[in-house]
Amino acid sequence: MLDIRLFRDDLDGLKQMLKNRGYEYPVDKVASLDEERRRLLVEVEELKAERNRGSKEIAEAMAKGVDASHLRERMKNIGVEIKELDEKLSMIERELKEHLLRIPNWPHASVPIGPDETHNVEVRRWGEPKDFGFTPRPHWEIGENLGILDFQRGVMLAESRFTVLVGFGARLGRALINFMLDLHTKEHGFKEIEPPFLVNSETMQGTGQLPKFGEDLYSCSGEDLWLIPTAEVPLTNMHRGEILNENVLPLYYTAYTPCFRREAGSHGRDVRGMLRQHQFDKVELVKICTPEKSYEELETLTQAAEKVLQLLELPYRVVCLSTGDMGFAASKTYDIEVWLPSQGKYREISSCSNCEDFQARRMNMRYKPSEGGKSRFVHTLNGSGVAIGRCLIAIMENYQQEDGSFIVPKVLRPYMGGIEKIG
RNA sequence: GGAGGGCUGGCCGAGCGGUCGAAGGCGGCUGACUUGAAAUCAGUUGAAGGGCAACCUUCCGGGGGUUCGAAUCCCUCGCCCUCCGCCA
């Protein structure tokens with residue numbers, strides 16, 4: 001949620017910002033609603049002040065035994081007026097809030113301006129794509145041949161975009177989860193959390209999934225519960241509505257959770273294999289910090305995610321998303337893209353964002369500065385550290401051998417009972 | 001699912017329909033004492049919105065109602081606790 005003051009002070013800047021993001025929004029309407037709101041507020045507050053004075057007078061008159069019926073009559077009329085204005089006001093406030101909840105975050109000045117992913121800027125590369133000496137197979141071939149990925153049964157049990165991991169496939173997934181959680185808790189200072197996988201709509205609104213993106217979520221019929229599309233949702237909402245002491249900041253949280261996404265807008269994309277699933281595992285990283293530190297924290301958050309790929313010895317690159325490619329809640333996002341030999345492309349495996357105070361404002365999550373003064377909104381950041389399924393794909397493809405087997409990365413072997421090769 | 005009890009400021013906790021944003025305590029902050037700290041004493045300390053400001057308004061789980069006036073009375077929803085039932 002943006003600060004309503006932006007609609008008063010920088011309406012033109014706001015319009016340009018939305019244009020950069022490829023959004024259309026009637027911001028003039030929002031600005032005039034805000035004006036209307038303030039006009040009504042002044043009006044109704046004056047009446048309330050009068051009623052408060054009048055009520056006090058009535059109390060005093062009654063104490064003295066003086067008749068106050070004429071005053072009561074007048075206050076009664078004012079009461080009716082107040083009620084009407086209050087109703088009008090709360091309608092406008094609801095409408096205003098509804099608008100604010102649907103307007104995306106303001107990108108940071110350092111974000112490249114452009115309509116889509118073609119304007120993303122590569123920041124750095126790590127590792128060298130391997131020269132195989134044979135045509136590398138896609139992960140679905142490797143996985144099916146080894147009997148560790150079962151796509152048919154995924155469809156049979158659920159529907160398309162569900163996969164069953166079998167035997168060493170399942171075990172490798174579990175190894176990756178443990179490896180990543182150990183790394184982030186032991187080396188990067190994150191606290192491990194196991195949050196609910198279903199959350200209520202207020203929580204979904206806090207991070208920005210609702211009200212605008214409900215069609216991307218799975219919900220439970222007859223209950224106000226939604227399946228989380230990422231652990232970012234429960235982790236970031238951990239302190240919703242709280243005023244934190246500055247000395248507890250920054251907070252670093254990590255969690256393994258499954259993630260559930262309808263993938264409503266991606267029919268026909270990545271249908272083959274398990275690159276894009278309705279359910280996938282992920283280890284997530286979340287930071288809650290002061291505004292002064294958040295961009296520094298974004299760099300170290302991204303580096304923490306990169307460390308996973310470095311230890312797994314998977315080639316990757318980091319790109320800074322352009323205004324048109326960024327998510328709704330983000331001010332700045334780095335995507336980490338891992339090399340997929342079968343596609344000859346780098347593909348997203350992690351997305352690290354600074355949301356500044358956009359989510360904090362929705363969640364009303366603030367901190368009390370140590371040096372005193374008014375409480376301020378915290379900044380929130382999140383990043384995948386990293387997606388398990390896509391990591392599994394990257395390992396199978398980058399470590400594949402000509403005979404159809406693949407090598408287990410060294411750092412994972414302790415988690416795999418010492419197994420060095422699958423197949 | 002059944003029965004009962006509760007929800008008040010950062011935390012704990014009192015509160016008669018009017019002078020209650022709310023006693024008291026803890027915590028925080030400031031000062032005194034101290035070489036410093038602790039202890040002690042004194043003072044101070046909620047949030048949001050509107051306004052240049054003085055100031056005004058709102059907030060006692062959410063919503064609604066009664067009333068000139070609601071933390072206080074009524075209705076409703078939510079959550080928490082205790083007991084019973086069921087259960088990994």
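Placed above this text is the structure.
Below is a short write-up of the structure. (Residues numbered from 1 in each chain as written. Chains lettered and ligands numbered in written order. Predicted model: local features only at pLDDT ≥ 70, side-chain atom pairs only at ≥ 80, totals over all residues. Heavy atoms only, no water.)

Glancing now at the environment of Glu 128. Summarising the element assignment, Glu 128 is placed in the loop between strand S1 (121-126) and helix H5 (139-146). Note: C-alpha distance between Glu 128 and Glu 297 (169 residues apart in sequence) is 27 Å. (Helix = DSSP H or I, 4+ residues; strand = E, 2+ residues; numbered from the N terminus.)

Take the pattern of salt bridges next. All told, the structure shown has 28 salt bridges when counted by the stated rule. Of the charged contacts in the structure, one is a salt bridge between Arg 39 and Glu 43, with a shortest N-O distance of 3.5 Å. Here Arg 39 pairs with Glu 43, and both are found in helix H3 (residues 27-64), just four residues apart, close to one helical turn. Relative accessible area serves as the criterion here: at 47%, Arg 39 is assigned to the partly exposed category. The shortest N-O distance in the salt bridge between Glu 122 and Arg 317 comes to 2.7 Å. Of this pair, Glu 122 sits in strand S1 while Arg 317 sits in strand S10 (residues 316-320); the two residues are 195 residues apart in sequence, bridging distant segments of the chain. Taking the relative accessible area as the measure of exposure, Glu 122 reaches 33% and is therefore partly exposed. Beyond isolated ion pairs, a larger network of salt bridges with shared partners links Arg 8, Asp 34, Arg 37, Arg 38 and Glu 93. (Salt bridge = Lys/Arg side-chain N within 4 Å of Asp/Glu carboxyl O. Buried < 20%, exposed > 50% of the residue type's maximum accessible area, 1.4 Å probe, protein only.)

Glancing now at unusual backbone geometry. The residue after Leu 210, namely Pro 211, is reached through a cis peptide bond having omega 5°. Mapped onto the elements, Pro 211 comes out in the loop between helix H8 (201-207) and strand S6 (226-227). Backbone geometry at Glu 313 places phi at a positive 60°, although glycine is not the residue there. Relative to the elements of secondary structure, Glu 313 occurs in the loop between helix H10 (294-312) and S10. For Glu 313, a relative accessible area of 44% puts it in the partly exposed group. Despite not being glycine, Glu 356 has its phi angle at roughly 50°, a positive value. Judged by its relative accessible area of 19%, Glu 356 falls in the buried class.

A few words on the sheet that holds strand S14 (residues 376-377). Pairing within the open sheet is mixed, and its three strands lie in the order S7-S13-S14. In this open sheet, the two strands that pair with only one neighbour each are strand S7 (243-245) and S14. Relative to S14, strand S13 (residues 366-368) is paired through two bridges, and the arrangement is antiparallel. Note on S14: the bridge partner recorded for Tyr 367 is Arg 376. (Pairing = 2+ DSSP bridges.)

Turning to the side chain of Thr 203, a few remarks are in order. Mapped onto the elements, Thr 203 comes out in helix H8. The class for Thr 203 is buried, based on a relative accessible area of 8%. Residues in contact with Thr 203, not counting those within four places in the same chain, are Val 233, Asn 237 and Arg 240. (Contact = heavy atoms within 4.5 Å.)

The buried fraction of helix H12 (residues 388-398) is high, at 11 of 11 residues. Where H12 is concerned, the buried positions are Ile 388, Gly 389, Arg 390, Cys 391, Leu 392, Ile 393, Ala 394, Ile 395, Met 396, Glu 397 and Asn 398.

Another point: the nonpolar core. Formed by 52 residues in total, the largest nonpolar core has its most connected members in Leu 176, Met 180, Leu 312, Leu 314, Cys 391, Ile 395 and Phe 406. Apart from the residues within four sequence positions on either side, Ile 395 is in contact with Leu 176, Leu 312, Leu 314, Gln 400, Phe 406, Ile 407, Pro 409 and Leu 412. Of all hydrophobic cores here, the second largest spans 33 residues; its members include Ala 31, Met 75, Leu 101 and Phe 328. (Core = buried A, V, L, I, M, F, W, Y, C linked by side-chain atoms within 4.5 Å.)

What follows concerns the protein's contact with RNA strand B. With respect to spatial proximity, 23 residues lie near RNA strand B, and among them Arg 8, Arg 72, Met 75, Arg 366 and Lys 368 are the closest. Taken together, the sugar and phosphate atoms account for 71% of what RNA strand B places within 4 Å of the protein. A distance of 3.1 Å separates a phosphate oxygen of RNA strand B from a polar atom in the side chain of Asn 52. Lys 83 places a polar side-chain atom, nitrogen or oxygen, 3.2 Å from a phosphate oxygen of RNA strand B. Going through the elements one at a time, helix H1 (5-9), H3, helix H4 (69-100) and S13 are the ones with two or more residues in the surface near RNA strand B. In terms of residue count, H3 provides more of the surface near RNA strand B than any other element does, 13 residues in total. Along the lines of polarity and charge, the residues of the surface near RNA strand B split into seven nonpolar, three polar and 13 charged. (Near = heavy atom within 4 Å. Polar contact = N/O pair within 3.5 Å; in protein donor to acceptor, adjacent residues only side chain to side chain. Nonpolar A, V, L, I, M, F, W, Y, C, P; charged D, E, K, R; others polar.)

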